Amino acid sequence: MIRFVHLIVLACVCAGSVSAQPLPNLKHSDARDPFHPIQSWLPTPGVYRTASGAPGPLYWQQRADYAIDITLNDSERSLSGECRITYHNDSPHTLTYVWFQLDQNRFRNDSAAVQSRTAPSLRGKSPFKSVQSLLAQETFDGGYNIDSVTLVDSPKRSSKRSARESESELHHVIVDTMMRVDLPEPLPAGESTTIAIAYHYNIVDATVIRARGGYEHFDEDDNTIYEIAQWFPRVAAYTDYTGWQHDQFLGSGEFTLELGDYKVNITVPADMVVTATGTLSNPQDVLKEEWIERLGSIHENTKPTFIVTPEEAKANETARSSKSSKTKKRSGKQSGKSVETKTWVFNANNVRDFAWAASRKFIWDAMPVQIGDRSVTAMSFYPNEAEPLWSQYSTEAIAHTLEVYGRYTFDYPYDVAISVNGPVYGMEYPMICFNGPRPEDDGSYSKATKYGLISVIIHEVGHNFFPMIVNSDERQWTWMDEGLNTFLQYLAEQEWEEDYPSSRGPAEKIVPYMRGGRQRPIMTGSDEILQFGANAYAKPATALNILRDTILGRERFDFAFREYCRRWKFKRPTPADFFRSMEDAAGTNLDWFWRGWFYSTEHVDIAIDSVELYVIDSGDPDEAHERKRREDDMREDTPSDEFNRNLPRRIEWQPGLKDFYNSPEYDEDKVEESDRKTYQKFLDRLDEDERALLQRTTQFYVLKFINKGGLVMPIPLRVYYADSTQEQMMLPPEIWRYNSKEVKKLLLTEKEIVRVEIDPKREIADTDTANNHWPPKLEPTRFKLFKDEKKKNAMQKARGDDDDDDDDETDSDEDDSDDGDDASDKSEKDSVEKVSKEKGAESETSDSKSSAGKASGTEASDSEASDDKPAKDESARPGKSKPNRKRKSSAADTNAGKSE
């Protein structure tokens, strides 16, 4: 009997699966059903995650607290230290091992990331930087060196064993970028254990090898900026939906981490300035008195105030350069590294990661930001090479981001938010982010650089909300942090200034990508995405913008989006939780939307196929007769009629051929009295309303729409009338529910329609506007004229003849190879891929490189210099010296427009 019940349950489950993904319907012209529920594609709701999209009553997630001691060796550019992780098993499961992420192992030459990298294009010319990067990877001794892995158990658990056993060496297995640590005893639900890992590794030169953290060296003053990330063994996430998230780090899929508390001791040369996730616990030990005083008074100002002034930063780096130069003369080699050290202590609570930066070159400014009833300190750290751009915009952009994002999600919960300038173009961590744009050596900057800086800071600071707080799984679903964050970035950019040159968000910006090929759905694993920036950033951001402005409306969308954010604050949502939360709070079934935008590669192309006009025929025979007479009178003669008009007719010259039907008394269209009586009898049977309906002049227009792109969307329609008026209407997406290929819509009007247009406001990303008009509208394709010019031949050049038109190609140091990208990729690059942040480029696959090297998040040309820089309020800033603009040429150039 029990077995029989099990079979019934299994049959029901199987039947549900089949019904959720319908089989081809051969009895309908539209075999697909874009409105079929997607519930079978989503995890079954339960006690962990509910059908409404909210966390369930038994929702759980793990936690990991860290105590880290780390030392920076400036001479060898390496790190060494120990990380103690207290792992809390809050799952209902007993664990026998713990997985750790060893992200630095990506830089090993035998790593899966390096070995799976496809070959770049080496045809013709190759950029210096690309080849230098390839060669550097071959020689760089990267990756973790694990010195020891030890169990440091709690007194409660260690009391059962000897002291030696409680601090025993643990067996561990390294699998590429992951490490499994086997526990001596199973870790029951509700208990915790502490593991200590001692390690060291070499820091990567981020100006040569693309990385999410590393160093940048300045030869002119022999100083370095360190941006340190993925620098300690981090516990991999253990979840209810996938168990251990231990997919290898290949470069694109980012990190899935557990929240916890951090205490970090960072030991660096004494003359370096350090900034990090969290708050500084020992300012008296590491900061100068004047810096402490300035930091304590920033709340008196509403603009950024210098904590470390440009002059002080310049003096610090100059003293370092002078000291190193003297040591070189004495020793014949560079060994003038400071032996004095200071230890900076930072504490951070309830964060999922920790990053830091250190340099002698740092200028430091700060300002207060009022968030609810709290004051948050926004801070920026940057060298003189970043001036005057950074002091004007960085900290202000941080403040703006916290204020705008907070309105759409929740109040920023931490005490500080930091932006650091260095070799990494754009990368985010809790409370701190790395951003790369700098002005030219002479202090000037292009429009693209200015807005690139503002955009990348908004984007990276915005990542505090996604995924640092709404803690999604980036290794599987890049769009859940990049896409949502890019959407909010667009909103923040538009609140920065009118006509801000946002590169992502508006529907028309995604059109080149959507109409192109070489795509995979948004719901693709992070490491398998094609055209990373467009897929994971631009497309989901555009989809949400359309959902907000065109489908749900801002009030309903904003409420639903805020509800999702608050439900999953400091928790780990999945795509199903997002989809269900949005539908639950907005009160709308959006299965068709998620299916089309997130699960397919279809695009929007809705065409007007035809327009037909119908009017009511009253049946009045006299009216019909008069209408036919007018139509006959208006009908032009055919050429045959014209030629035949004066032909001699036999009936005219041969008597006896004419009869009644040729006489004036016969009229084929004449209305007979019997016709009038019949019509009157028809009227007598009608009531007053029915008679009035017969007299209506209403015009019935039938519009036929064809869905050429396949993606179901509402139809924004503008109708133009003969009286010069127009009407805007929105046909809902459900109009396609019976047939998603073609549909007819009836419009009733008392006025004559003279023109119809689809999507006049460019709000649904329609990829072909040429078929959006009735009558068809010709859109000209422009061509240019040119004149052939005769070039000098080799003999003429050899004898020195002048040739002003030297067409010899010069070597370019720009990374413009597309590594086999097709035409759609190039179109994508030209219009969409000018981004503020491209993490997928780090993988350096041919696809990743198609999204690398882009300008900064604006469509402005780099050649457009900005001459209208607003004046800064200098009253709150100490005196500024003219900075030394010179820097290592490859430092900023290598990373210009490339973000992580």
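Residues numbered from 1 in each chain as written. Predicted model: local features only at pLDDT ≥ 70, side-chain atom pairs only at ≥ 80, totals over all residues. Heavy atoms only, no water.

Caption draft 1: Structural view of the overall build of the protein chain. When its secondary structure is counted, the protein chain shows 25 helices and 30 strands. The burial tally for the protein chain puts 53% of its 900 residues in the buried class. Look at the contacts in the protein chain between residues 6 or more apart in sequence, and 77% of them connect residues 24 or more apart. By element, 50% of the accessible surface of the protein chain is carried by carbon and sulfur atoms, the whole surface being about 41400 Å². (Helix = DSSP H or I, 4+ residues; strand = E, 2+ residues; numbered from the N terminus. Buried < 20%, exposed > 50% of the residue type's maximum accessible area, 1.4 Å probe, protein only. Contact = heavy atoms within 4.5 Å. Areas by Shrake-Rupley, 256 points an atom, 1.4 Å probe, with all protein chains shown as cover.)

Caption draft 2: Just empty space enclosed by the protein, in detail. Tallying each qualifying case throughout the model produces 5 cavities of 30 Å³ or more. Lining the largest cavity are 17 residues, and of these Q104, F107, G213, A229 and Q230 sit closest to its centre. Tallied by class, the residues present in the lining of the largest cavity amount to 8 nonpolar, 4 polar and 5 charged. (1 Å grid on protein atoms, 1.4 Å probe; cavity = no way out; pocket = protein on both sides within 12 Å on 5 of 7 lines; lining within 4 Å. Points joined across faces, edges and corners; volume = space filled by probe spheres on them. Nonpolar A, V, L, I, M, F, W, Y, C, P; charged D, E, K, R; others polar.)

Caption draft 3: Broad picture of helix α9 (residues 389–408). In this model, α9 (20 residues) spans 28 Å end to end at C-alpha, consistent with the 28 Å of a helix rising 1.5 Å per residue. With respect to burial, α9 is a largely interior element, 18 of its 20 residues being buried. (Expected span 1.5 Å × (residues − 1).)

Caption draft 4: Molecular detail of the packing of aromatic side chains. According to the stated counting rule, one finds 53 aromatic pairs in the structure shown. A ring pair is formed by Y382 and W390, whose centres lie 5.7 Å apart and whose planes are at 40°; its orientation type is tilted. Its relative accessible area of 0% is what places W390 among the buried residues. In this structure an aromatic cluster arises from ring pairing among F35, W41, W479, Y564, F578, F579, W592, F593, W594, W597, F598 and Y599. The side chain of R180 reaches across the aromatic face of Y97, ending 6.0 Å from its centre. The residue whose ring lies beneath K751 is Y721, and the NZ or CZ to ring-centre distance is 4.3 Å. (Phe/Tyr/Trp six-rings, centres within 6.5 Å; stacked < 30°, edge-to-face > 60°. Lys NZ or Arg CZ within 6 Å of the ring centre and 35° of its normal.)

Caption draft 5: Seen up close, the packing of helix α11 (residues 479–494) against helix α14 (residues 554–567). Contact geometry for α11 and α14: axes closest at 14 Å, N-to-C directions at 140°. The orientation of α11 relative to α14 falls into the category oblique. Between α11 and α14 lies a crossing of left-handed hand. Packed against α11, whose contacting residues are M480, L484, F487 and L488, the element α14 presents F557, F561 and Y564 at the interface. Residues that form the contact of α11 with α14 fall into these classes: 7 nonpolar, no polar and no charged. (Axes fitted to C-alpha atoms, helices over the stretch in contact; angles between N-to-C directions. Parallel < 35°, antiparallel > 145°, perpendicular 65-115°, else oblique. Left-handed = near helix turned anticlockwise from the far one by under 90°.)

Caption draft 6: The arrangement of a nonpolar patch on the surface in detail. Residues F660, Y661 and Y666 make up a contiguous nonpolar surface patch of roughly 350 Å² in combined accessible area. Mapping Y661 onto the fold places it in the loop between α19 (650–653) and α20 (673–684). What makes Y661 exposed here is its relative accessible area of 55%. (Patch = residues over 30% accessible without salt bridge, like charges linked within 9 Å, V, L, I, M, F, W, Y side chains within 5 Å. Salt bridge = Lys/Arg side-chain N within 4 Å of Asp/Glu carboxyl O.)

Caption draft 7: Region of the structure containing the confidence of the model for the protein chain. On average, residues of the protein chain carry a pLDDT of 86, and 83% of them reach 70 or more. Contacts from residues 805–900, a stretch scored under 50 in pLDDT, to residues over four places away or in other chains number 283 contacts. (pLDDT = per-residue confidence, 0-100.)

Caption draft 8: Focus on helix α10 (residues 447–462). With 16 residues, α10 extends 22 Å between its outermost C-alpha atoms, agreeing within 8% with the 22 Å of an ideal straight helix rising 1.5 Å per residue. The buried fraction of α10 is high, at 15 of 16 residues.

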